[in-house]
Amino acid sequence: MDAEVLHLYELMVRSRFFEELTKVLWEDGLIPGELHLGIGTEAAIAGVVSNLIDGDAIASDHRSTPEFIMRGVNPSSILLEMMGHPGEESLCAGLGGHMHLFSKEYLMATSGIVGASLPGAVGFALAAKYKKTDNIAVSFSGEGSYNQGHALESLNLASTLQLPVLFVCKDNGWSITSKSSDFTGGNLVQRANGFGIDGISLNGLDVEEVYNAIQVIIPRIRKNKKPYFLHVLVTHREGHFTTDPLLNPKDTLKKYGASITKSFLTPKGANLGKRIKSVGTILSSLMEFRKQVKSKNDPLYITRRKHQELAQEFDEVDQNIHREIKKILERTLEIYGGKSK
Amino acid sequence: MDAEVLHLYELMVRSRFFEELTKVLWEDGLIPGELHLGIGTEAAIAGVVSNLIDGDAIASDHRSTPEFIMRGVNPSSILLEMMGHPGEESLCAGLGGHMHLFSKEYLMATSGIVGASLPGAVGFALAAKYKKTDNIAVSFSGEGSYNQGHALESLNLASTLQLPVLFVCKDNGWSITSKSSDFTGGNLVQRANGFGIDGISLNGLDVEEVYNAIQVIIPRIRKNKKPYFLHVLVTHREGHFTTDPLLNPKDTLKKYGASITKSFLTPKGANLGKRIKSVGTILSSLMEFRKQVKSKNDPLYITRRKHQELAQEFDEVDQNIHREIKKILERTLEIYGGKSK
Amino acid sequence: MKRMNFDEAIENAIIQAMLEDDRIIIMGEDVHTNRSALVARFSDRIFPTPISEASFLGAGITAAMAGLKPIVELWMIDFICVAFDAIVNHATKVYDFSGKRWGVPLVIRAPCGGGLGDGGQHEQILYGSIASIPGIKILLPSNPADAGGLMLAALQEKHPVIFLEHKLLSEQLLYYLGGSGRNTVKFDVPENGIEGEVPDHWVPLEIGKLKVLKEGTDLTMVSAGVAVHRCMDAAIELEKQNISAEILDLRTIVPLDIDNIAASVQKTGKILIVDEDYKQFGLSGEIAASLLERKLNFTYQRIGTETTIPFSPQLEVKTLPSVEKIVSMSQFLFYGSH
Amino acid sequence: MKRMNFDEAIENAIIQAMLEDDRIIIMGEDVHTNRSALVARFSDRIFPTPISEASFLGAGITAAMAGLKPIVELWMIDFICVAFDAIVNHATKVYDFSGKRWGVPLVIRAPCGGGLGDGGQHEQILYGSIASIPGIKILLPSNPADAGGLMLAALQEKHPVIFLEHKLLSEQLLYYLGGSGRNTVKFDVPENGIEGEVPDHWVPLEIGKLKVLKEGTDLTMVSAGVAVHRCMDAAIELEKQNISAEILDLRTIVPLDIDNIAASVQKTGKILIVDEDYKQFGLSGEIAASLLERKLNFTYQRIGTETTIPFSPQLEVKTLPSVEKIVSMSQFLFYGSH
Ligand SMILES: Cc1ncc(C[n+]2csc(CCOP(=O)(O)OP(=O)(O)O)c2C)c(N)n1
Ligand SMILES: Cc1ncc(C[n+]2csc(CCOP(=O)(O)OP(=O)(O)O)c2C)c(N)n1
Ligand SMILES: [Mg+2]
Ligand SMILES: [Mg+2]
C-alpha cells in the first residue's frame, strides 16, 4: 500500500502545486477570467483518476484542473491555455480557457454550464459501449449541479441505457454563495437510487477511502455496464473562485503585487532570462503557503498525518514536484514570453 | 359515502361523455390537430379535483380535458376551443386548441411540452403561498414527463421552497410508443423521495381509493406547505391520441362517416335546425359505445360494479349527463355553425 | 431514376450511409417505432431514449466527439428548446473551445412547420433563433431528391447539422400526426414535395447551394421547405399577370448561398423572401443585410410568420405564408401597391 | 439630479417599484447575496433558488399569471439556454394561447456581454436568438439613468421583458466576476456607462424608444449597451477625419424603434450597425430588412461578433466590436475602402 499512497500523494501534490501556481499567475493578472480552483478536492479526484485506464473518458465542470493534471495532460499546455496564449502549444490554442479545457487525446471535455458533465459522460459511455470496449466515462461535478435538469435527466438516461458511467459528485456544501443543504431536497445518494442507480457517500478528503472503494466500483462498472453514483465530501479551500470576494474582505486582497505581470505583460523590457528568474521566488512562497495549510480538512495534510512513517518520502515528493512544476512554469513562460514579445 | 360516490361518478361520466363527443367530432374533422383523450384517467382526476377549493390552481399537459370539465369550466367554451372556433365564446378564442387550454378564472394552465405542468404548478403554488392563502396547486402529467429536466428540477424546487403542490403522475405505462418501464430508472415514488418529497402509489382506476387518500393528503399540503407526490395507475383507452395508428390498423379506422362535417363544415347547405338534428343520433351511439366498454380496466365500470346497489342512480346520472352533454353540443354547434356560415 | 416519398428518400439515404459507415447511430424518443425499418436492419444501432432531449442531445455531442456519428431525433423542432443549451453552449462551441482540434459530427433531425392545425407549440420552425449561433448548419429540403442528398451530405459533415423535415412533406408524419384515422380533413400538401424522382444511388448534395427552381426576369423569390411550393404556385398566378418570378429554393438556411441570391437579385432588381419561420430577427433579415453589405440596389419585401401560430385552422392559414399573400406581396413589390 | 452607478440605479429603481407594488418578488440563484440590500428591506420577497433555471423561470411564469410580478434573475444570459423552452413555448405563448386573456408580467434580469476574459460560454448576449420569438421585449441600457428608467418600465409591463445588464457597466459584476482580488487586470469599462446622473425619483422610460446620443450628418450608427460607448469613442476619431456620425442608442432591442432609425438614415443616407451579439441572423439583419421594407435608399454596413468569443484576451478584443473596427468600417462605408 505504501507505493500506492505515495503515488496518490504525488498526484495530489502535483495538482495542488499546479493550482497554487495558477492562483499566483491569476493574481498577477496573467490568467484572465474567473478561476475556480480544485484545491481541497484532490483526494477525491486522485482516488478516481488513478483507477482509470487508457480510453476512459472524463467530462468535468468549471473546476477541472486537477483532473487534467492527474490524468497526465501536458501541464504546460494547460497553463498556456489558462493564460490565454493563442498558439499551437496551448491545449486549446487559447480559445477555451480554464472553464473550457478539452483534450481529444485523453477524451476529456469540460463545460462551464452547471450540470453539463453528466450528459457529457453519458455520451462518452455510449460510444465506449457501442464500440464494445471495456472503457468507462467519469462525470465530475459539484453537488449544486444535481439540481440542474440535464444532469438529472442524465442519471435516468445512463440508468435505462445501461451505460458504464461513474457519476462523481464533489460535494463541498456550497454553490457559489448558496448553502447546498438549503437547496437540495432529500439526499443525493437516495436521489440517484430513485433513478435506479446505486451509490455511496464517502469522505472525499481521505484519498485511501476513495481509492479503496473505487478499486471495487470501477471494475464493476466496466463489467456490468451500469452507472454508479459516488458522492464525496470535499472542501474548496479557496472559495468559489480565486479571491472570492465573499470569503475575503476587499481590503485584504491587495497583498499580491504585480511581479510577473510587470515582467511578462509588458512586451518590451528585460530579457527573458531575467524574467524567468523571478519565478523561483514565487514557487518558494507557494511551498511556504502550502505548508501553512495544516487544517484537518486538507486532504494532503490528512494523508501525511495518517502515514507519518512516510514523512521523508512525502517531503521528497514535495521537492520533486516542486522542481517539476518550476520547470513547467519556466518552459511555459518561455513560450508565453517568446510569443508575447 | 353514497352521495360522494354518485358525485364522483357524475364527474367521471361528464368527462367521459364529453371526451367521447370530442372523439366523434374529431373523427368528423371538426376538431383539428392531434387529440389526446383522458378516457381511462377519470377516476384519478375526479378523486383529486373533487377535493379542490376555490383559488386552487391546476397545471396540466396535453391530455387535460377531464380536468377542465370536472373543475367546472364552461364545456361549450372548451368544445368551441377544441374546434378552433375563433370567437369570444371559445375558451381561448380559438388560439390555443386542445393542448393549450387556459382558464384565468379557474387558474388552469396547460402545455404541450412534456413536463411543463410541474414548473407550472410550482409557480402557482409560490403565488398562493406568497399571498398567504390556503390554496394549493396541482400538477397533472404522465409518467413519461418525470424523465424531463424541468419536471425533475421542479420536484426539488417545490421541496426546497416548501410549496403546497400536489404532483399527480398519471401512469398509463406508455409514452406514445415507448413502454415506460424501459425508460424509467428506479420507481417514481422513490424518485420523488430522493427530492425530499413524500409520495404514494394508488390504483388510479378506483375513484374511491384516490378520493379517500386525497381527502387526507390535500389538507396536509394546505397546512404544511409541503409538496406531495401522487402516483396513480391509469389507462389510456384510446391510445396515445385518437385513432392512434399504432393501436388501430389503418383499414379499420374508416368506420365513422363524415356526418357532422358535412352539415357544419360546408358553409352553405341545410339550415341550422336540420344540422343540429343529426346530433341526437351521434350522442345515442356514444351511449352505446360507452356501455360496451365493460372491461375491468374502465374506472366507470369499476365504480358501477363496486356499487351495484346504486345501479339505478348510476343510470339516472348517465341519462342526465347524456342530456346535459347533448345540450352543450347543441349550444356549441349553434355558435359554431352560426359563425362559420 | 425512380420515385420516392419524401420520408422514404431520407430513410433510404440513411440506410445507404449506415451501410457504409458503422459509426452512424440513431437516438431519440420512439425511434424503435418511427424507424422500425432501420431497427430491422441495424438493430443495435438504434437507441430509443426517455423523454429527455437535453440529456440525450448532450450525450449525442460527446458520443460524436468520441468517434460516433449520431443522428439525434426530436419529435418536433419545437422541442429543441428544452435542449437549447446543448446547441448554443456545447455542439457549436466544442470545436472552437478545443482550439479547432475536436469536431462534433452530429446530425439533429426534426420535423418542423405548420399546416396541421396543431397550434403554436407544435408548428414552429425556429431556424431564425438557432441560425444566429455560429457553428451549426441548418438544412430544409423541399423535395425527396434534395432530402436524401442533403441527409447524406449531413452524415458526411464534421460539424453539427440540423436537418429539418417539414411535416407537410412527410407521408409518415402526415399519417401519424395528421390523424390517419380520419379522411375528413385535408392538408395543403405540396404534390411536388411529398413525392418525386430520386437518384438510384444517393450522392451527397453540396451544403450551402441553393437551387433555381424556376427562372424568371422580374422578381426574385427566396424561400425554403414548403414555402417554396407556395412560391411556385404563386408564380403561376403571377405569370398570368405578366410578372415573371425567379424562384430560389435555399435548401440550406446556414450557410446561406448569398452569391447566388445576389446574382438573381442583380438580374431582377427585386426580392421577396417567403419564410415560414418568424419574420423578425431571422432569415429575411439576414438576407437583407447580406445583400446590402454587397452594395446591391434592389427593392425588397418579405413574408413571414408574425405571431404565435393560431390553433384555429382559419386563423392558421392566414398566419402562415400562402399563395395569396405571395401574389399580393409580389404585386406590391412590383407596382408599389397591392 | 444625483449620480449613481449603473447597478445601483437598477437596484434603486427596483426598490422604488417594490415599495409601490407588493406583487414584485425576486427569484434566482444567489439572490440572497447579490441582492442583499433588498433582502434587508424586503426579506420574504426574495426567493433564492437551486441551480434550476428551467424550473424557476417556468415557475416565474405561472407565478406571474397568478398575480405576482416576478423578477427572475439569471447569473448570465448564457444560461437562458437551459431554460429556453420557458421563453419560447411558455412565457411568449400564454397570452396568445389564452385568447389574449392571460398575460405574463415577468421580468427576466441577466448580466450579459464580453470583455472580461471569461470565454465563449459566459460572454454572449444572445438577443438575436431570443428576439425572433414574437411576444417578448428585450432591453439593453447603456447608462445608469436608462437602466433605472427601463427597469421601472419593465416592472410596469403586462408582458414578459428581458432586461440585459452589460457586465462591463456594472461595478458589482466587475467586482465579483472580474476578479476583485487583483488590480493587475484592467477592463475596457465605459466611463459614461458605469456611472452617471440619475433622476431623484424614477420615472418609467418608454420601452421601444431609442435615444440620439450624438447628432451627426454623415452617417448613422445604431447600437446598444457597451457598443454604444465604443461608437461614441469612434465618433471622436471620425470627427477628426471630418466624418460626422449620428449615434443612436437603441436601449430597446425589441420592439425596435424603426421610425427613428429610418429618420436618421433618411438624413445621413448611411447606416452602420454595431452589435455585440452574433452578427448573423440577428439585430443587424432585422434593421436592414425593416429599412428596406420602407423603401429607403441607403448604404449599409455592420459589425458583429462572428465567431465563438475566444478566451484569450488578445483574440477576444479582436472579436468584439471595437473603436478601431468602427472607425475602419465607417471609413469603408464612407469612402468605399478602409
Ligand atoms: C446553468 C448554469 N447556471 C448557473 C451557472 C453559474 N454558476 C457557475 S458555478 C455555479 C455553482 C456550482 O455549484 P456546484 O455544482 O456545487 O460546484 P462548485 O462550484 O461548488 O464546485 C453556478 C451557479 C452556470 N455556470 N450554469
Ligand atoms: C419536450 C417534449 N418532448 C417530446 C414531446 C412529444 N410528446 C408528446 S406527448 C409525449 C409522451 C408523453 O408521455 P406521458 O408523459 O407518459 O403522457 P401520456 O401521453 O402517456 O399521457 C411525447 C414524447 C413533447 N410534447 N415535448
Ligand atoms: Mg459545490
Ligand atoms: Mg404515459
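Residues numbered from 1 in each chain as written. Chains lettered and ligands numbered in written order. Predicted model: local features only at pLDDT ≥ 70, side-chain atom pairs only at ≥ 80, totals over all residues. Heavy atoms only, no water.

### Notes on the coordination of the magnesium ion (ligand 4)
All names here are of chain B. Each protein donor to the magnesium ion (ligand 4) is listed here as E143 (OE), E143 (OE), N172 (OD1) and W174 (O); together their distances run 2.1 to 2.6 Å. In this structure, the magnesium ion (ligand 4) is coordinated by 6 donor atoms arranged in irregular fashion, with angles at the metal of 52 to 171°. Coordination of the magnesium ion (ligand 4) draws on donor residues from a single chain, spaced E-x28-N-x1-W in sequence. Remark: N172 occurs in the loop between strand 4 (165-171) and strand 5 (174-175) and E143 occurs in the loop between strand 3 (137-142) and helix 6 (149-161); sequence separation between them is 29 residues. When sorted by exposure, E143 lands in the same class as N172, which is buried. (Donors = N, O, S within 2.8 Å, 3.2 Å for Na, K, Ca; no water. Tetrahedral: all angles 85-135°; square planar, octahedral: opposite > 155°, others 65-115°. Helix = DSSP H or I, 4+ residues; strand = E, 2+ residues; numbered from the N terminus. Buried < 20%, exposed > 50% of the residue type's maximum accessible area, 1.4 Å probe, protein only.)

### Points about the pattern of salt bridges
Counted by the stated rule, this structure contains 61 salt bridges over all chains. Put simply, K225(B) and D134(B) hold a salt bridge, and the shortest N to O gap is 3.8 Å. Residue K225(B) is located in the loop between helix 9 (207-224) and strand 8 (228-233), and its partner D134(B) is located in the loop between helix 5 (117-130) and strand 3; the two are separated by 91 residues in the primary sequence. Residue classification places K225(B) among the buried residues on the basis of a relative accessible area of 17%. One salt bridge in this structure joins K214(D) and E239(D), with 2.6 Å as the shortest N-O distance. Of the two residues, K214(D) is situated in strand 9 (residues 211-214) and E239(D) in helix 11 (residues 226-240); the sequence distance between them amounts to 25 residues. A relative accessible area of 18% means that K214(D) is categorised as buried. When salt bridges with common partners are traced through the structure, they connect K279(C), R302(C), E306(C), E286(D) and E293(D) into a single cluster. (Salt bridge = Lys/Arg side-chain N within 4 Å of Asp/Glu carboxyl O.)

### Details of unusual backbone geometry
Of note, the bond from V254(C) into P255(C) is cis; its omega dihedral lies within 30 degrees of zero at -5°. Examined against the element boundaries, P255(C) turns out to sit in the loop between strand 12 (252-254) and helix 12 (258-268). In the Ramachandran plot, R251(C) falls in the positive-phi region, its phi being about 65° despite a non-glycine side chain. Locating R251(C) in the fold gives a position in the loop between strand 11 (245-249) and strand 12. The backbone phi angle of F281(D) is positive, close to 55°, even though this residue is not glycine. Within the fold, F281(D) resides in the loop between strand 13 (270-278) and helix 13 (283-293).

### Digging into the interface of chain C and chain D
Often the size quoted for an interface is simply the accessible area lost on bringing the parts together. Facing the 51 residues of chain C at the interface are 51 residues of chain D. On the chain C side of the interface with chain D, the three residues burying the most area are F281(C), L292(C) and E293(C), jointly 18% of the side's total. Along the contact surface separating chain C from chain D lie 6 salt bridges. Ionic pairing is found between R302(C) and E286(D), a salt bridge with its closest N-O pair at 3.0 Å. (Contact = heavy atoms within 4.5 Å. Buried area = accessible area lost by both parts, 1.4 Å probe.)

### Here's the deal with the packing of aromatic side chains
Per the stated rule, a full pass over the model turns up 17 aromatic pairs over all chains. Ring geometry for F102(B) and F97(D): centres 6.4 Å apart, planes at 25°, overall stacked. Taken together, the residues span two chains, with F102(B) in the loop between helix 4 (75-82) and strand 2 (108-110) and F97(D) in helix 6 (residues 94-97). With relative accessibility at 1%, the residue F97(D) sits in the buried group. An angle of 80° between the planes, with centres 5.3 Å apart, marks the rings of F334(D) and Y335(D) as edge-to-face. By relative accessible area, which is 26% here, F334(D) ends up partly exposed. The class of Y335(D) is exposed, set by a relative accessible area of 52%. Taken together, the ring pairs connect F102(A), F124(A), F97(C) and W102(C) into an aromatic cluster. Geometry around F334(D) places K270(D) over its ring, the cationic atom sitting 5.0 Å from the centre. (Phe/Tyr/Trp six-rings, centres within 6.5 Å; stacked < 30°, edge-to-face > 60°. Lys NZ or Arg CZ within 6 Å of the ring centre and 35° of its normal.)

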